[in-house]
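# Geometric and topological summary
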Amino acid sequence: MKVDVLTLFPEMFDGVFGASILGKAQTKGLVSLGATNFRNYATNKHNTVDDAPYGGGGGMVLKPDPIFAAVEDVLEQRGEAAATMKAPRIILMCPQGETFTQKKAEELVQEDHLIFICGHYEGYDERIREFLVTDELSIGDYVLTGGELPAMVAIDSIVRLIPGVLGNETSAVTDSFSTGLLEYPHYTRPPEFRGMKVPDMLLSGHHLNIEAWRREQSLLRTLERRPEMLETADLTDKERIWLKKIRSNRKHSTE
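My aim in this report is to walk through the structure given alongside it, one point at a time. The model shown is predicted, which means the values in this text are computed figures rather than measured ones. For every chain, the first residue of the written sequence is number 1, and numbering continues from 1 onward in sequence order. pLDDT decides what is reported in this predicted model: residues at 70 or higher carry local features, side-chain atom pairs at 80 or more are listed and counted, and totals for whole chains, interfaces and linings draw on all residues regardless. For the side-chain quantities, the full set of heavy atoms in the structure was used; hydrogens and water were omitted.

### Some thoughts on the overall build of the chain
What counts, and what does not: Helical segments are the DSSP runs of H or I of at least four residues, strand segments are the runs of E of at least two, and each set is numbered from the N terminus. Atoms counted for the radius of gyration: C-alpha only. Globule rule: 2.2 Å times residue count to the power 0.38. Exposed residues in this analysis have more than 50% of their type's maximum accessible area, buried residues have under 20%, and partly exposed residues fall in between, with area computed by a 1.4 Å probe over protein chains only. Every residue pair with non-hydrogen atoms within 4.5 Å of one another is taken to be in contact. Here the Shrake-Rupley method, with its probe set to 1.4 Å, supplies the accessible areas, and only the displayed protein chains count as covering residues. In this count, Lys and Arg are taken as positive residues and Asp and Glu as negative ones, while His and the chain termini are left out. Charge placement uses NZ in Lys and CZ in Arg. For Asp and Glu, CG and CD serve respectively.
Each helix and strand counted, the chain has nine helices and ten strands in total. Computed over its C-alpha atoms, the radius of gyration of the chain comes to 23 Å, more than 25% above the 18 Å expected for a compact globule of 255 residues. With respect to the three principal axes, the spread of C-alpha positions in the chain is 70 × 45 × 40 Å. A burial count over the chain gives 41% of its 255 residues as buried. The contacts of the chain with a sequence gap of at least 6 include a subset with a gap of at least 24, amounting to 72%. Counting every atom, the chain has about 15200 Å² of accessible surface; 52% of that belongs to carbon and sulfur. Of the charged side chains in the chain, 29 are positive and 38 negative, and the gap between their average positions amounts to 9 Å.

Structure below.
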């Protein structure tokens, strides 16, 4: 996979792209990460990439020409200028975008090339939205200074799903949200620490019973912390009846 970021602050990505899982993924040759300063594509003598909006109003708006030129140059450098090449997903990070989720990460990891555009200032010239990008993403209902931090979040979430990136291939599959439920609790050595014990089930060595316990714990944790997720989770009839009984018992205990 190839991942490129267009930003006014490429230095922000140096540590992120070179460390931890992302750094190891590049070392293994599983992903190629790059950050491009789109100010380099400004066409005026002051290298400005923003201008006042037509019609007035506060703030400055990113101009379309540096963004378009930067995307075209990245495609050429990646050898994707030919019309026969599979088009990359070009993603605009902005508060108006679709909320980024695990499901979206699982969709985007199927792509060969992703280009993230990180804006600053008041917003983007609308022609960038209409004629260049394929997706608009937000990481939450709040406003940040720019799109760099949201892009880092999305890239980390996507790259870790590439086969071979994580040391344990089951990790990404059993993560919270990947299964539609929150992940079950984990324990490791020692079996007892300051009087706090690991559940006996995990020490039993009975793998089927352990898997059943983990599923039950995922259901309970989701019920307690994110009950709305249960509305769309893939549950068996037995699990739905069990959860209904737990809800009923809790309701009666509080009355």
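Back to the text.
### Describing the packing of helix 8 (residues 207-225) against helix 9 (residues 237-254)
Heads up, the condition is: Lines are fitted to the C-alpha atoms to define the axes, a helix being fitted only along its stretch in contact, and any angle between axes, read from their N-to-C directions, falls within 0 to 180 degrees. Each angle receives one of four descriptions, namely roughly parallel if under 35 degrees, roughly antiparallel if over 145, roughly perpendicular if within 65 to 115, and oblique otherwise. Each crossing gets its hand from how the near helix is turned against the far one by less than a right angle, where anticlockwise is left-handed and clockwise is right-handed. We call Asp, Glu, Lys and Arg charged. Ala, Val, Leu, Ile, Met, Phe, Trp, Tyr, Cys and Pro are nonpolar, and the rest, Gly among them, are polar.
Axis separation between helix 8 and helix 9 bottoms out at 11 Å; the angle between their running directions is 45°. Judged on the interaxial angle alone, helix 9 and helix 8 are oblique. In the packing of helix 8 onto helix 9, the handedness of the crossing is right-handed. Along the contact surface, helix 8 presents R215, E216, L219, L220, L223 and E224, while helix 9 presents E239, W242, L243, I246, R247 and R250. Tallied by class, the residues present in the contact of helix 8 with helix 9 amount to six nonpolar, no polar and six charged.

### Let's talk about the sheet that holds strand 6 (residues 113-118)
For clarity, the cut-off: Two strands qualify as a pair provided that DSSP identifies no fewer than 2 bridges between them.
Pairing is parallel in the open sheet, where five strands are placed in the order 2-1-6-5-8. The strands lining the two open edges of the sheet, one partner per strand, are strand 2 (32-37) and strand 8 (135-138). Between one strand axis and the next, the sheet turns by 30° as a mean value, whatever way the strands run. Here strand 5 (residues 89-99) pairs with strand 6 via five bridges, running parallel. Along strand 6, the bridge assignment pairs I90 with I115. On top of the sheet, helix 6 (residues 148-159) reaches strand 1 (2-7), strand 2, strand 5 and strand 6; it is set at about 160° to strand 6, its chief contact.

### A look at unusual backbone geometry
The omega angle of the peptide bond from R189 to P190 is 5°, so this bond is cis rather than trans. With respect to the element layout, P190 can be found in the loop between helix 7 (171-174) and strand 9 (192-193). A positive phi angle, close to 55°, is found at N47, a residue other than glycine. Secondary-structure assignment places N47 in the loop between strand 2 and strand 3 (50-51).

### Describing the pattern of salt bridges
Threshold: Every case where a carboxyl oxygen of Asp or Glu lies within 4 Å of a side-chain nitrogen of Lys or Arg is listed as a salt bridge.
Counted under the stated rule, the structure contains 15 salt bridges. A salt bridge links R78 to D4, with the shortest nitrogen-to-oxygen separation between them at 2.9 Å. On the criterion of sequence distance, the pair formed by R78 in the loop between helix 3 (64-77) and strand 5 and D4 in strand 1 is long-range, its members being 74 residues apart. Overlapping salt bridges, with partners in common, bring together R89, E98, K104, E107, E111 and D135 in one network.

### What about the packing of aromatic side chains?
The condition that has to hold: Note on ring pairs: Phe, Tyr and Trp rings are taken, using the six-membered ring of Trp, and paired if centres are within 6.5 Å. Classes follow the plane angle, with under 30 degrees stacked, over 60 edge-to-face and the rest tilted.
All told, the structure shown has one aromatic pair when counted by the stated rule. When the centroid spacing of 5.3 Å and the interplanar angle of 45° are considered together, the rings of F13 and F17 count as tilted. Using a relative accessible area of 1% as the deciding quantity, one classes F13 as buried.

### Description of the nonpolar core
What counts is decided by this rule: To define a nonpolar core, start from buried Ala, Val, Leu, Ile, Met, Phe, Trp, Tyr and Cys residues and group those joined through side-chain atoms within 4.5 Å.
In this structure, F116, I155, I158 and V159 are the most contacted members of the largest nonpolar core, which totals 27 residues. When contributions to this core are tallied by element, the ones reaching two or more residues are strand 1, helix 2 (20-27), strand 5, helix 4 (102-108), strand 6 and helix 6. If you tally residues by element for this core, the top one is helix 6, at six residues. Counting 21 residues, the second largest nonpolar core, distinct from the first, contains F38, L62, C94 and I128.

### Side note on the state of the cysteines
Short version of the rule: Any pair of cysteine sulfurs within 2.5 Å is marked as a disulfide.
The full count for this structure, using the stated rule, is zero disulfides. Here C94 is not cross-linked by a disulfide; its sulfur's nearest cysteine counterpart is in C118, at 11 Å.

### A closer look at the environment of V49
Inspection of the secondary structure puts V49 in the loop between strand 2 and strand 3. Looking at V49, the relative accessible area reads 0%, which means it is buried. Sequence separation between V49 and E216 is 167 residues, and the spatial gap between their C-alpha atoms is 54 Å. Beyond its immediate sequence surroundings of up to four residues, V49 is in contact with L8, F38, R39, A42, V61, L62, K63, P66 and Y121.

By themselves, these observations are geometric and do not establish any function.
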